[in-house]
Amino acid sequence: MFSSHIIFQTPKCQYHGVPEGYKFDFNSEELHMAYRDTSVKLYQNDNEESLKFQHFTKPFKDQKPKTLIPFFDVQLINNLNNMDITEIRPSQIATMMATLFEAPQEVQRTPDLLCVSSTGSGKTLAYLVPMIQKCMDKIYGLPTKAHRKPMVLIFSYTKTLVENIFQIAKKLSKGTNVKIELIAGNIKFIEDTFFDIGICSIGRFRNHFDDNHESGCAQIDISWLKYLIIDEADAMVSDHEFREILEKMKKQVDFSTLCFSATIKCELYCLIDQKNYYAFGGGRINQVAASIKTVFWKVDTKCHSRITGIFNGKINVGSYEKYELQHPFDCLYRFIQKYLFNNSENKKKVMIFVKRSTVADYLALRLSLCGFPAVAVHGRMDYNIRDKFLQEFIDGKCRILFTTNLLTRGTDINIDFVVNYDLPLEYEQWVHRCGRTGRNGNHGIAITFIDINNHTDYSKDIIQRIAVSVEDEVVLPEFMKQMAKLEEMKKENNIQDVSFVNEEYGIE
Ligand SMILES: Nc1ncnc2c1ncn2[C@@H]1O[C@H](COP(=O)(O)OP(=O)(O)OP(=O)(O)O)[C@@H](O)[C@H]1O
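Only a predicted model underlies this, so the values are computations on that prediction, with no experimental measurement involved.

K.L.:
In this structure, what is going on with helix α4 (residues 123–140)? I would like to understand it.
P.N.:
The end-to-end C-alpha separation of α4 is 27 Å, in line with the 26 Å expected for 18 residues at 1.5 Å each. In terms of residue burial, α4 counts as a mostly covered element, since 14 of its 18 residues are buried.

K.L.:
Sorry, what's going on with the site of the ligand here?
P.N.:
Surveying the vicinity of the ligand reveals 18 residues, the closest of which are E87, K123, T124, D412 and R439. The separation between an oxygen atom of the ligand and a polar side-chain atom of R436 is 2.9 Å. In terms of residue count, the dominant contributor to the shell around the ligand is α4 (3 residues). Residue composition of the shell around the ligand, by class: 2 nonpolar, 9 polar and 7 charged.

K.L.:
I'm lost on the sheet that holds strand β17 (residues 444–451) in this one. Help?
P.N.:
The strands making up a sheet associate through backbone hydrogen bonding, with each pair oriented either parallel or antiparallel. Pairing in this open sheet of 6 strands is parallel, and the strands run β10-β17-β16-β13-β15-β14 from one edge to the other. The open sheet is flanked by β10 (292–299) and β14 (374–377), the only strands paired with a single partner. Taking the axes of each pair of neighbouring strands and ignoring which way they run, one obtains an average angle of 20 degrees across the sheet. Sheet analysis places β10 next to β17, joined by 8 bridges and oriented parallel. Residue pairing across strands places K293 opposite I445, the latter belonging to β17. Across the sheet, helix α11 (residues 383–395) lies against β13 (350–353), β14 and β15 (400–403), angled at about 135 degrees from β14, the strand it touches most.

K.L.:
Would you mind showing me how to read the confidence of the model for the chain here?
P.N.:
Low pLDDT means the predicted coordinates in that region are not meant to be read closely. Averaged over all residues, the pLDDT of the chain is 78; the fraction at 70 or higher stands at 73%. pLDDT under 50 marks residues 1–46. Its contacts with residues more than four places away, or in other chains, come to 110 contacts. Within the model, pLDDT remains below 50 along residues 486–508, and this stretch shows 54 contacts once partners closer than five positions in the same chain are excluded. Across the whole predicted complex the pTM is 0.84, and at the interface the ipTM reaches 0.99.

K.L.:
What is the right way to read the packing of aromatic side chains from this model?
P.N.:
The description of an aromatic ring pair uses the distance of the two centres, along with the angle that the planes make with each other. Enumeration over the complete set of coordinates arrives at 15 aromatic pairs. Put simply, the rings of W297, F335, Y339, F417, Y421 and F449 touch in pairs and so form one group of aromatic residues. The ring of Y383 carries the charged tip of K159 above its face, separated from the ring centre by 3.9 Å.

K.L.:
In this structure, what is going on with the domain arrangement of the chain? I would like to understand it.
P.N.:
It is common to give the size of an interface as the accessible area that goes away when the parts come together. The domain architecture assigned to the chain consists of domain 1 (32–282) and domain 2 (292–505). For the pair domain 1 and domain 2, the summed buried surface comes to about 1,300 Å²; carbon and sulfur atoms form 52% of the total. At the junction of domain 1 and domain 2, the tally comes to 2 salt bridges. For R409, the salt bridge identified is with D234, shortest N-O distance 2.9 Å. Taken together, the links from domain 1 to domain 2 amount to 6 residue pairs in polar contact (both at pLDDT 80 or more). Sorting the residues of the side of domain 1 that touches domain 2 by element identifies α5 (159–172) and α7 (233–236) as the ones contributing at least two each. No other element matches the 3 residues that α5 contributes to the side of domain 1 that touches domain 2. Residues that form the side of domain 1 that touches domain 2 fall into these classes: 4 nonpolar, 7 polar and 5 charged.

K.L.:
Would you mind going over the pattern of salt bridges with me for this structure?
P.N.:
Close approach of charged atoms lets side chains of opposite charge pair. A full pass over the atoms with the stated rule returns 12 salt bridges. Taking the shortest distance from any N to any O, the salt bridge between K149 and D221 comes out at 3.0 Å. Placement of K149 in the loop between α4 and β4 (152–155) and of D221 in the loop between α6 (202–209) and β7 (227–231) is noted, with a sequence separation of 72 residues between them.

K.L.:
Looking at this structure, I do not really get the environment of Y278. What am I missing?
P.N.:
Tracing the sequence through the fold places Y278 in strand β9 (residues 277–282). According to the relative accessible area criterion, Y278 is buried, its value standing at 0%. Here the alpha-carbon distance between Y278 and L114, two residues 164 residues apart in the chain, equals 6.2 Å.

K.L.:
Could you clarify how one ought to interpret the side chain of T99 in this entry?
P.N.:
Following the sequence through the fold, T99 ends up in helix α3 (residues 90–100). There is a polar contact of 2.7 Å between the side chain of T99 and the backbone oxygen of T95.

K.L.:
How do you make sense of the sheet that holds β4 when you look at a structure like this?
P.N.:
Pairing in this open sheet of 7 strands is parallel, and the strands run β5-β6-β4-β7-β8-β3-β9 from one edge to the other. Edge strands, defined here as strands with exactly one partner in the open sheet, are β5 (180–183) and β9. The average angle at which neighbouring strand axes cross in this sheet is 15 degrees, direction not considered. One ladder, built from 5 bridges, connects β7 with strand β8 (residues 256–261); its direction is parallel. Residue pairing for β8: I230 is matched across the bridge by C259. Of the strands in this sheet, β4, β5, β6 (197–200) and β7 are in contact with α5, which crosses β5 at around 170 degrees.

Reading the values: rules and limits
Position numbers for residues count from 1 along each chain, tracking the sequence in the order it is written. In view of the model being predicted, local features appear only for residues whose pLDDT reaches at least 70, and side-chain atom pairs are presented and counted only at 80 or more, with totals across whole chains, interfaces and linings using the full set of residues. Just so you know, side-chain values use all the structure's heavy atoms and leave hydrogens and water out. The secondary structure listing takes helices from DSSP runs of H or I that are at least 4 residues long and strands from runs of E that are at least 2 residues long, numbered from the N terminus. Expected span of a helix: the number of residues minus one, times 1.5 Å. We call a residue buried when its accessible area falls under 20% of the maximum for its residue type, exposed when it is over 50%, and partly exposed in between, using a 1.4 Å probe and counting protein chains only. A cutoff of 4 Å decides nearness: a residue is near a molecule or strand if any of its heavy atoms lies inside that distance of it. N or O atoms closer than or at 3.5 Å make up a polar contact, with two conditions inside protein: a donor-capable atom paired with an acceptor-capable one, and, for residues adjacent in sequence, both atoms drawn from side chains. Gly is placed with the polar residues, together with every amino acid not listed as nonpolar (Ala, Val, Leu, Ile, Met, Phe, Trp, Tyr, Cys and Pro) or charged (Asp, Glu, Lys and Arg). Should DSSP find at least two bridges between two strands, the strands are taken to pair. To obtain each axis, a line is fitted to C-alpha atoms, and for helices this fit is confined to the stretch in contact; angles are then taken between N-to-C directions over 0 to 180 degrees. Any pair of residues with heavy atoms lying within 4.5 Å of one another is described as a contacting pair. One confidence number per residue, pLDDT, is output by the predictor and ranges from 0 to 100. Two aromatic rings, drawn from Phe, Tyr or Trp (for Trp, its six-membered ring), form a pair once their centres lie within 6.5 Å of each other, and the interplanar angle then sorts them: stacked below 30 degrees, edge-to-face above 60, tilted otherwise. Charge-over-ring placement is defined geometrically: NZ (Lys) or CZ (Arg) within 6 Å of the ring centre, and within 35 degrees of the ring normal. How far each domain reaches was decided by an automatic or database domain assignment. Each of two parts loses accessible area, computed with a 1.4 Å probe, when they are put together; buried area is these two losses added. What counts as a salt bridge is simple: a side-chain nitrogen of Lys or Arg found within 4 Å of a carboxyl oxygen of Asp or Glu.

Structure (structure tokens):
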């Protein structure tokens, strides 16, 4: 099991790790490998500036390269700047170091990489930037009109994620010759397979790769493949179809596998070459990111909802004075009233996770009828409607979004609150759900409803892992502590037995 501190595996090759306290020397002839985010922060130049992408801009033709560090084309740096991206994040420099340096001679190819870094820490750019640069370097060495076969394939977990990665890749590669192909979704099958980077969903890729492919599908030739990127790798590893494809690809050609996620499980190691890999860990691994405040609210599905409909032209919201517990819908209603609709200036957004798509639809409708417009986005709806609702939420036209597992991972929308109305089936999903807020340097709040009278339905494992993972100062419902048997765990002494209601984000 990884904790937030067990992070680095010594690579079985000649790169050096960087000791604590080491300062990056731009003129150094040595090769370096970043291995922990505390160390990566030490990559600063003499002026103590934070490290920027432009520090790695390629020199002009007649200029002598100052260092052995990798270089980015000006066009790529400009594209990054146009996206307001200047500083390099820890996972980004680690991936850059691992992929852009030439591997030592005794190592045939770039070692594999396991990059585990908190939600919202910038893993998508961590792999896209060096991969686009690699393709640009390759293209320079080829005749202008040469037909190129894919050098990089990127796989991710859902069609929505794959499409997001594609959109970012298109922006990053603007004005370069790098050809990027989307191999996912309900768009037409690709017609030619001459591209540099393919961004794929598993099912659609299979049609272009497998012998049992749909007739007429162009077949992708992977003989040039050098890098296989697996985003949300710990979820992908559970997909048998994906593992089969991977095995088949590995039999055909030797490529480096780069895995990215905010959570890690042991099975993930079967995706990489365990004798020749780097691992990088940044932020809290397998835990909710430090930028997110986690709060637990007790609710009771067995008590009646007091929001009963229209009464004298107003919603009857009942009275709660005598009741300690509330039905989850009532709890949600009061939360939204207090934190999203307390004044006309409020622009805050909440993403609410539920188990089932029918529940998402029902709750969105019910809340809308109560005067708080909400939409639901899930896997059992038409793509176009899904995209339309999601866009309304992104644009802030609708500030309440109900969803299911569909948006658990990877979704990058600026939101203030996450509510786990139901608990997910796996602990890792809870971490990713909470990680939809508190991204990209912002703070967020993730509220988890704990059904106090129905907790037998929950997986004991989830409750236990959540209870153990949260920081000492997070107040937990008593039964969570009991279920987690925290008495036997080292954290027990630090958890106070007080009301679950958090002062700042308590319901009343
Ligand atoms: N160097 C950077 N400077 C400024 N913003 C950045 C930088 N790198 C990434 N970002 C922004 O940070 C946000 C989060 O990035 P990204 O979605 O890649 O996170 P992630 O680590 O993949 O998260 P998750 O694990 O939840 O998928 C994005 O909006 C991205 O544009």
